[in-house]
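Examination of the molecular architecture
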Protein chains: 2
Amino acid sequence: MEKEYQETREELIKSVLDRQPADEALYNLAELFKMFGDSTRIKILYAMFDTELCVNDIAGVLHLSQSSVSHQLRILKTSKLVKSRREGKSVYYSLDDEHVRLILSMGMEHVEE
Amino acid sequence: MEKEYQETREELIKSVLDRQPADEALYNLAELFKMFGDSTRIKILYAMFDTELCVNDIAGVLHLSQSSVSHQLRILKTSKLVKSRREGKSVYYSLDDEHVRLILSMGMEHVEE
DNA sequence: TCAACATATGTTTATTTGTTCATATTATAA
DNA sequence: TTATAATATGAACAAATAAACATATGTTGA
């Protein structure tokens, strides 16, 4: 009856709230995925999937402007998705973390279905 | 020497290009991640992590407007991340795919470090 | 120190996108 | 069939953001 349904519903709502991660965690999670949510950045990340590359190489390979690549790399670095090291005039970028590869692969799997 | 380095470099570039997925696949991948790249949508998805919910419940639990939730659910449904079934006046939404849970979990793991 | 090369960064602009408000659609019960 | 509840949708607006352009910074070799 009505009363029982109400209680069950409230319990459901309560359990959802209990399981729901803190807003801050979810905000950070969204920020993380946002990094992968742009074609240019995805291309850059994939190009570095198993090798480090310098800015000019990335721009050349992907037919992007140096400025655009540099801007995006900065964003990716701020988000700790890539790291860099300087060698002479060049700066070599690479994926910062095995998780980045995992997330990329997992997403690609889903898309390829 | 210069020549050898050049060849190695060119080979590297070539191998990167060989491994790089098609632009269309990368575009689709970016579109997928874009869905997870918004706080509101992430909250909605997480709320449905292990239960179906109707629009009003989601709006109530997450303190969002009915309109906003409905708009976002439509976007999520178009992207095949959620599915829905109607029961009387209510429409129940749930995650469409085990991959969605996996991607959420993988991302959360990375964030929680 | 100066020229060149590689990268970084500031600014502007155009586009995308999430929210709100108003209204339409759909379904149920009286 | 009419009132009400639940959801969907269209339009306007504001905020976020990616790209382009110009310029600055840093590095090396002559």
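Notes on the structure follow. Counting restarts for each chain: residues are numbered from 1 in the order of the written sequence. Chain letters start at A and ligand numbers start at 1, both assigned in the order the entries are written. For this predicted model, a pLDDT threshold of at least 70 governs which residues receive local features, and a threshold of 80 or more governs which side-chain atom pairs are given and counted, while totals over whole chains, interfaces and linings are taken from all residues.

Some thoughts on the protein's contact with DNA strand C
Near, as applied to residues and a molecule or strand, means the residue's backbone-placed C-beta atom lies within 6 Å of it. Residues in close proximity to DNA strand C total 24 residues, the closest being Cys-54, Asn-56, Ser-67 and Ser-90 of chain A together with Ser-67 of chain B. Elements are defined by DSSP. Helices are runs of H or I of four residues or more, strands are runs of E of two residues or more, and each kind is numbered from the N terminus. Mapped onto the surface near DNA strand C, the elements with two or more residues apiece are helix H4 (55-62), helix H5 (66-78) and strand S3 (90-95) of chain A together with helix H5 (66-78) of chain B. Taken together, the residues of the surface near DNA strand C sort by class into five nonpolar, 14 polar and five charged. In this classification, Asp, Glu, Lys and Arg are treated as charged, Ala, Val, Leu, Ile, Met, Phe, Trp, Tyr, Cys and Pro as nonpolar, and every other residue, Gly included, as polar.

Considering helix H2 (residues 23-36) of chain A
In an α-helix there are 3.6 residues to a turn, and that puts residues three or four apart on one side. One fewer than the residue count of a helix, multiplied by 1.5 Å, yields its expected span. With 14 residues, H2 of chain A extends 20 Å between its outermost C-alpha atoms, agreeing within 8% with the 20 Å of an ideal straight helix rising 1.5 Å per residue. To sort residues by burial, count the other C-beta atoms lying within 10 Å of each one's C-beta; a count of 20 or more means buried, 12 or fewer means exposed, and anything in between means partly exposed. C-beta atoms are built from the backbone. Buried within H2 of chain A are the following residues: Leu-26, Leu-29, Ala-30, Leu-32, Phe-33, Met-35 and Phe-36 of chain A. Contacts here follow a simple rule: the backbone-placed C-beta atoms of the two residues must lie within 7 Å. Taken together, the buried residues of H2 of chain A touch helix H3 (39-47), H5 and helix H6 (98-111) of chain A together with helix H2 (23-36), helix H3 (39-47) and helix H6 (98-111) of chain B.

Looking at the protein's contact with DNA strand D
For DNA strand D, the set of nearby residues contains 25 residues, the closest of which are Thr-40 and Ser-67 of chain A together with Cys-54, Val-55 and Asn-56 of chain B. At the level of elements, H5 of chain A together with helix H4 (55-62), H5 and strand S3 (90-95) of chain B are the ones that each hand at least two residues to the surface near DNA strand D. Broken down by element, the residue count for the surface near DNA strand D peaks at six residues, all from H5 of chain B. Grouping the amino acids of the surface near DNA strand D by side-chain chemistry returns five nonpolar, 14 polar and six charged.

Concerning the sheet that holds S3 of chain B
All names here are of chain B. Two strands form a pair only when DSSP identifies at least two bridges running between them. The antiparallel open sheet is built from three strands, whose spatial order is S1-S3-S2. Only two strands of the sheet have a single partner each, and these edge strands are strand S1 (53-54) and strand S2 (82-87). Taken together, the six bridges between S2 and S3 define a ladder with antiparallel strand orientation. When the bridges of S3 are listed, Ser-84 appears paired with Tyr-93.

With respect to the relation of the copies chain B and chain A
Two copies of a chain can be linked by a rotation about an axis combined with a shift along that same axis. To line up the copies, we fit them by least squares on C-alpha atoms, keeping just the residues with pLDDT of at least 70 in both. Overlay of chain B on chain A (RMSD 0.0 Å): rotation 180 degrees, translation along the axis 0.0 Å. Considering both components of the superposition, the chain copies are consistent with a two-fold axis. The fraction of interface residues of chain B whose copies in chain A are also interface residues reaches 100%, indicating that both copies meet through the same surface.

So, the pairing of S3 of chain A
One face of the sheet, then the other: side chains in a regular strand alternate in exactly this way. Here strand S1 (residues 53-54) of chain A pairs with S3 of chain A via two bridges, running antiparallel. Paired with Leu-53 of chain A across the bridge in S3 of chain A is Tyr-93 of chain A.

Considering the interface of chain B and chain A
Contacts between the two partners involve 36 residues from chain B and, on the opposite side, 36 residues from chain A. Considering every element that reaches the side of chain B that touches chain A, the biggest residue donor is H2 of chain B, with 10 residues. For the side of chain B that touches chain A, a count of residues per class yields 23 nonpolar, eight polar and five charged.

Notes on the sheet that holds strand S2 (residues 82-87) of chain A
Spatially, S1-S3-S2 (chain A) is the arrangement adopted by the three strands of the open sheet, whose pairing is antiparallel. Unpaired on one side and paired on the other, S1 and S2 of chain A mark the two borders of the sheet.

So yeah, pure geometry; function would need other evidence.
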